[in-house]
Amino acid sequence: MIVIPPLALEPAHLLACSIPEVDATMGEKPWEARVWAEGEILAVPGTQLRYKCLAPVSQPPSVSPQYWQLLGHTNRWEMFRHLSNDATVAASPLTFTLAPMRRFNAFFLYGVDAHHVTVVVTVGGVEVRRVEKNLIARRSRTWSDYYFGGQYTEPTVVLHDLPPYSGAQITVTLTRAGGPVRVEQAAVGMSTWLGYATWAPRNDALNFSDMDRDRWGRIVLDPIKSAPTLRVRVVMPKNNATKYLRVRQQLDAVPALWAALDGDTTDGYAEALSVFGIYRRMPLEPSNVQEATGDIELESL
């Protein structure tokens, strides 16, 4: 099992992106000295935030915050900000180039809806690694399932063996036929091996929907998106226990990508055993003189 904490990215690290700073296709508008109408969306490139106007106002959110509702980050930056599960949505192809200015050996995409991805790592303008991957995941059991069962895409891309050059740049291109590309999380980082995932992990979900039932049995349901959870037991040599504890300390309330099958996203269990989120519990049991056991309970964003 590996974990990949995202490196923090600032505007200087994003060298190029096919999505503009103010994305008019998502209804975003730059600041203008005028009366803003209710419902208009203001994008502030300096903070990468966007706001919804709640009532006619001629002042920005920094001056009159009571007239503005914070919606989150701009469409361009949503996939690079990892404290929410809001997604970047853009026309195909979606392309971006990152220069983290730090070493990285891993790249991941989570919550992806695309048909193909190309990842190119360059150092000083020289290509050192290229990965092209088809994300269409058709798994059929019968002939009718093959023809009429629909197409699904792999929601996660994990590359954990990239060459960790200093000063490397990474360019990612996502394409999708017949619709927009969607990405919840995109990040680079340094992967850490935690141990061997054992059999019998548990994938579940927390349901936050409210259901009100009256005395006659009638129901009013307020549907709210559930949050996937994952529980995995890992076994590691005892010399990896210190690294396990360091990860637990560093990722206290810090979202990261946890992949029980390491970088294998084609396995039938890959989607069920990958989570981008935080750990809820992460105890370590020094079981014997040779090995230690860790029980990791994760909650997805």
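Model, not experiment: these values are computed from the prediction.

Caption draft 1: Quick look at the overall build of the chain. Within the chain, the secondary structure is distributed over two helices and 25 strands. With respect to the three principal axes, the spread of C-alpha positions in the chain is 70 × 70 × 50 Å. Considering only contacts within the chain whose residues lie at least 6 apart along the sequence, 66% involve residues at least 24 apart. When the accessible area of the chain is evaluated, it comes to approximately 16,000 Å², of which 53% is carbon and sulfur surface.

Caption draft 2: Representation of the pattern of salt bridges in the model. With the rule as written, the count across this model stands at 18 salt bridges. Notably, a salt bridge pairs Glu-28 with Arg-50, separated by 3.5 Å at the nearest N-O pair. Of this pair, Glu-28 sits in strand 3 (residues 28–29) while Arg-50 sits in strand 5 (residues 49–53), and the two are 22 residues apart along the sequence. A salt bridge links Asp-161 to Arg-129; its shortest N-O distance comes to 3.5 Å. Of this pair, Asp-161 sits in the loop between strand 12 (156–159) and strand 13 (169–175) while Arg-129 sits in strand 11 (residues 126–134), and the two are 32 residues apart along the sequence. For Asp-161, a relative accessible area of 46% gives the class partly exposed. Its relative accessible area of 26% is what places Arg-129 among the partly exposed residues.

Caption draft 3: Highlighting the environment of Thr-266. Mapping Thr-266 onto the fold places it in the loop between strand 22 (256–259) and strand 23 (274–281). Judged by its relative accessible area of 47%, Thr-266 is partly exposed. As for Thr-266 and Leu-135, which are separated by 131 residues in sequence, their C-alpha atoms are 9.2 Å apart. In contact with Thr-266, not counting residues within four places along its chain, are Lys-133, Arg-139 and Glu-154. Polar side-chain contacts of Thr-266 include one of 2.8 Å to the side chain of Asp-264.

Caption draft 4: Spotlight on the sheet that holds strand 15 (residues 185–189). The strand order across the open sheet built from three strands is 12-9-15, with neighbouring strands paired in antiparallel fashion. If you trace the sheet from one side to the other, it starts and ends with strand 12 and strand 15, each paired once. Across the sheet, the mean angle from the axis of one strand to that of its neighbour is 5°, orientation sign disregarded. Looking at chain direction, strand 9 (residues 106–110) and strand 15 are connected through five bridges and run antiparallel. From the neighbouring strand, Phe-107 faces strand 15, where its bridge partner is Val-188.

Caption draft 5: Expanded view of helix 2 (residues 241–250). Where helix 2 is concerned, the buried positions are Ala-241, Tyr-244 and Val-247. The buried side chains of helix 2 occupy one side of the element, clustering within an arc of 120° when seen end-on. Within helix 2, the exposed residues directed more than 90 degrees away from the buried face are Gln-249 and Gln-250. Contacts from the buried residues of helix 2 go to strand 1 (2–4), strand 16 (192–193), strand 21 (227–237), strand 24 (284–285) and strand 25 (291–300).

Caption draft 6: Broad picture of the environment of Ala-241. Turning to its location among the elements, Ala-241 is positioned in helix 2. Accessibility expressed as a relative area gives 14% for Ala-241, which makes it buried. Apart from residues no more than four positions distant in its own chain, Ala-241 is found in contact with Met-236 and Leu-284.

Caption draft 7: Spotlight on the packing of aromatic side chains. Across all of its chains, the model carries eight aromatic pairs by this definition. Judged by centre distance (5.7 Å) and plane angle (10°), the rings of Trp-31 and Trp-36 are stacked. A ring pair is formed by Trp-36 and Trp-68, whose centres lie 5.7 Å apart and whose planes are at 70°; its orientation type is edge-to-face. Of this pair, Trp-36 sits in the loop between strand 3 and strand 4 (41–44) while Trp-68 sits in strand 6 (residues 68–73), and the two are 32 residues apart along the sequence.

Caption draft 8: Fine view of the pairing of strand 19 (residues 210–213). Two strands pair when backbone bridges link them, and strand 19 and strand 20 (residues 219–222) are joined in this way by four bridges, in the antiparallel orientation. In the sheet register, Asp-212 faces strand 20, and the bridge partner there is Val-220. Linking strand 19 back to strand 20 in an antiparallel pair, the connection comprises five residues, with Gly-217 at a positive phi of about 90°.

The rules we used
- Residues numbered from 1 in each chain as written.
- Predicted model: local features only at pLDDT ≥ 70, side-chain atom pairs only at ≥ 80, totals over all residues.
- Heavy atoms only, no water.
- Helix = DSSP H or I, 4+ residues; strand = E, 2+ residues; numbered from the N terminus.
- Contact = heavy atoms within 4.5 Å.
- Areas by Shrake-Rupley, 256 points an atom, 1.4 Å probe, with all protein chains shown as cover.
- Salt bridge = Lys/Arg side-chain N within 4 Å of Asp/Glu carboxyl O.
- Buried < 20%, exposed > 50% of the residue type's maximum accessible area, 1.4 Å probe, protein only.
- Polar contact = N/O pair within 3.5 Å; in protein donor to acceptor, adjacent residues only side chain to side chain.
- Pairing = 2+ DSSP bridges.
- Axes fitted to C-alpha atoms, helices over the stretch in contact; angles between N-to-C directions.
- Arc of directions from axis to C-beta.
- Phe/Tyr/Trp six-rings, centres within 6.5 Å; stacked < 30°, edge-to-face > 60°.

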